Every structure is written in structure tokens, then in C-alpha cells.
Amino acid sequence: ATMEDLENQCEMTPERCEALVAGILKSMHKGLARDGEELKMLPSFVSKLDAYHGTFYALDLGGTNFRVLRVELNESEPDNVRIKNFVIDPQHMVGTGESLFEFLAACIHESIVSFGDERASLEEPVHLGFTFSFPCQQTSINAGTLLRWTKGFTATGVEGQEVVALLQDALRRLDVHVHVEAIVNDTVGTLMAHRRSDPRTVAGIILGTGTNGSYVEDLARFAKWPAAPAGRMCVNMEWGNFGRDPASRALLPLAAADAALDAASLNPGEQIFEKLVGGMYLGEAARRLFHQAADAGLALAGTPARIPDQALT
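Before going into details, it helps to say that this report is about the structure given with it. In this text, all values refer to a predicted model and were calculated from it rather than measured experimentally. (Residues numbered from 1 in each chain as written. Predicted model: local features only at pLDDT ≥ 70, side-chain atom pairs only at ≥ 80, totals over all residues. Heavy atoms only, no water.)

Let us now look at the nonpolar core. Of all hydrophobic cores here, the largest spans 36 residues; its most connected members are Phe130, Phe132 and Leu167. Broken down by secondary-structure element, the contributors of at least two residues to this core are strand 2 (54–61), strand 3 (65–73), helix 4 (97–114), strand 5 (126–132), helix 5 (163–173) and strand 8 (178–184). With seven residues, helix 4 is the single largest residue contributor to this core. (Core = buried A, V, L, I, M, F, W, Y, C linked by side-chain atoms within 4.5 Å. Buried < 20%, exposed > 50% of the residue type's maximum accessible area, 1.4 Å probe, protein only. Helix = DSSP H or I, 4+ residues; strand = E, 2+ residues; numbered from the N terminus.)

Now the structure itself:
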């Protein structure tokens, strides 16, 4: 192998980019037509696309860090946003779902007290929007079933369960007076947040711990949802899973190091596109690519042929 071989594996020429775009569009149409496709194309039930006003809380969960926000959305004055940041201990990510959601509920309570809204009651609870950045099959604006964990989460007892109910139950156990009004994917939240300043916004993209996209779709194209109402709705694509199918995977610039990273991951064969660009994977991808180059004699000339696995972590 030569450095040129490695560069050719990773290079995205204009022709490869055009083929990738065509492949993603084809997968989008498949996902709108039926369930079980690599791009899930999930309805968000966010169809009111005009501006909102009032005071709300938001819980943003999508990686190793999460936030609780108090947001005042004003009609004529600048919005007022207060944020409290938290770090999720790995034991909550891979432990039990009950432990994870009780931790989230405790952080929400801490934030409410910090922001001065501790007088909330059963009769007048705090209204909260839940940004849950994992693949969910929603049945309404405030009900969604987790299809599968991604981004290193494996908490038990959550996949296949309705996550708003899990959070609401945890809040109730801790006597925290909060009502979850909506659950959205972070891409949908990003799209809607920008529509406040530019109503022409039709897409939201996340490129962070993982990656995903959403856009505004005509519901008449939702062939797998024959009872869909008329109009438009934000659609959560779950595009990080592009590359699950062999035909799609052939369009991605995958090196041997990428295949090894996928095989060693918590979800081999899934989230292939996300593993190429998501922040959670870039460090490990770089380490494996460096190994690949060194093993082929393309880097670190004069050093031992094998770099210790613990190096470059």
C-alpha cells in the first residue's frame, strides 16, 4: 500500500459526491415509503411552523453533556435564555434506564430551583420540551418510543419504551412538578430555532457527537403513513445510519481503519456515516488510520513496526 492508495480511499471527488447525493436521495424515498429502511425518515409531529411565544423549559440530551434551559420567547423583545450544564457520568449511560432518568429528573429540579421557579405545583407545573437526540418512533408531539440507543448509550430498559413516560415517572418519583409538553430530535429543534429569525429555514443539521439532519416535508409524500394529515411537517431523517445497506456503503470513503472501528463499536453495521464524521469517533478513527499508515511503512520511519494499541488514544 502507498500513501496515494490511502488518499484515494478517503478522497471525495466531485463524481463521488454526486453519486453520494443520489444515493442519499434514493434512501430518503425508501424511508418515506416503508419502515425498516436505513434512513428511518421519522415524523416529528412538529407541524406548527410559525413562531412561538412564552416561557418554557428545555432538556437537551444527546451526548455525554446535557443542558437544562429556561427560555423566554418574546414577540418584540430579544429572547432571554438561561442555561445550566451537566455532565453525564458513564455509569448512567450504560447502567439502568431508571438510574439515567432519575438523574435527569434530579438535574431538572436543581435547575428549576436555581432559576427561581421552585413554586411550581401540580396545578401549575413547569412546561418542558425534551430534546432527545436518539432514533424515536413518535406517535404524537409528546410521545416517542426509543428504537435504539446510539452515541455510546446502552442504558437498559429504555429501548422499545416510551421515553416521555419514563422521564415523567422519574419526575413524579422525585416530586418535581414538570409536565413534558413535547419531545423532539435535536435536528428538529435546530430547524425550528432558526425559523424564529428566518422563516425560510427548511432544514436543520447536527454535526457534533454524532450527525443527523431534518427538513420540512410535504406529508403527501409519506407513503408509509397513509393516514397522515394534510400539510407539512419536520422529518427526522436519522441520516447517520446511511451506509447500513451495502449499496450505500459502497458510496462512502471507507478505509480499512473505518471497517475496524465499526467492528469494534457498540453497534457494528449501524451508523456507518456517523462513524465517519461524528465527534465521538474521530479520535479513534485518526488513531486507527495512523496505525494503518505506520503498519504499511508510510509513517514514523525508523520506529518499531507496530505501535502499541494504547498509543494515540
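With that settled, consider a negative patch on the surface. Taken together, the side chains of Glu4, Asp5, Glu7 and Glu11 present a region of like negative charge at the surface. Secondary-structure assignment places Glu11 in the loop between helix 1 (3–10) and helix 2 (14–33). Judged by relative accessible area, which is 43%, Glu11 ranks as partly exposed. (Patch = residues over 30% accessible without salt bridge, like charges linked within 9 Å, V, L, I, M, F, W, Y side chains within 5 Å. Areas by Shrake-Rupley, 256 points an atom, 1.4 Å probe, with all protein chains shown as cover. Salt bridge = Lys/Arg side-chain N within 4 Å of Asp/Glu carboxyl O. Lys, Arg positive; Asp, Glu negative; His and termini not counted. Charge placed at Lys NZ, Arg CZ, Asp CG, Glu CD.)

With that settled, the discussion passes to the packing of helix 8 (residues 256–263) against helix 10 (residues 279–295). Packing of helix 8 against helix 10 leaves a shortest axis separation of 8 Å and a crossing angle of 130°. Taken together, helix 8 and helix 10 sit at an angle that is classed as oblique. Between helix 8 and helix 10 lies a crossing whose hand is right-handed. Each of Ala256, Ala257, Ala260 and Leu261 in helix 8 lies in contact with helix 10, whose residues at this interface are Tyr281, Glu284, Ala285, Arg288, Leu289 and Gln292. Across the contact of helix 8 with helix 10, the residue classes tally to seven nonpolar, one polar and two charged. (Axes fitted to C-alpha atoms, helices over the stretch in contact; angles between N-to-C directions. Parallel < 35°, antiparallel > 145°, perpendicular 65-115°, else oblique. Left-handed = near helix turned anticlockwise from the far one by under 90°. Contact = heavy atoms within 4.5 Å. Nonpolar A, V, L, I, M, F, W, Y, C, P; charged D, E, K, R; others polar.)

Two faces make up the sheet, and in a regular strand the side chains alternate between them. Here strand 2 pairs with strand 3 via eight bridges, running antiparallel. Within the sheet, the bridge partner assigned to Asp60 lies in strand 3 and is Arg67. Between strand 2 and strand 3, which pair antiparallel one after the other, the connecting turn spans three residues. The pairing of strand 3 with strand 4 (residues 80–87) spans eight bridges and is classified as antiparallel. For Arg67, the partnering residue across the bridge sits in strand 4 and is Asn85. With antiparallel pairing between neighbouring strands as the criterion, strand 3 and strand 4 make up a hairpin whose turn holds six residues. (Pairing = 2+ DSSP bridges.)

Here we come to empty space enclosed by the protein. One way to see where empty space is left: roll a probe the size of a water molecule over the atoms. Summed over all chains, the structure comprises one cavity of 30 Å³ or more. Its boundaries defined by the atoms lining it, the largest cavity holds a volume of some 70 Å³. Along its surface, the largest cavity is lined by Leu42, Pro43, Ser44, Phe132, Phe134, Cys136, Gln138, Ile183, Asn185, Val188 and Asn236. When contributions to the lining of the largest cavity are tallied by element, the ones reaching two or more residues are strand 1 (42–43) and strand 6 (136–140). Broken down by class, the residue content of the lining of the largest cavity amounts to seven nonpolar, four polar and no charged. (1 Å grid on protein atoms, 1.4 Å probe; cavity = no way out; pocket = protein on both sides within 12 Å on 5 of 7 lines; lining within 4 Å. Points joined across faces, edges and corners; volume = space filled by probe spheres on them.)

Remember, this is a structural readout, not a statement about activity or role.
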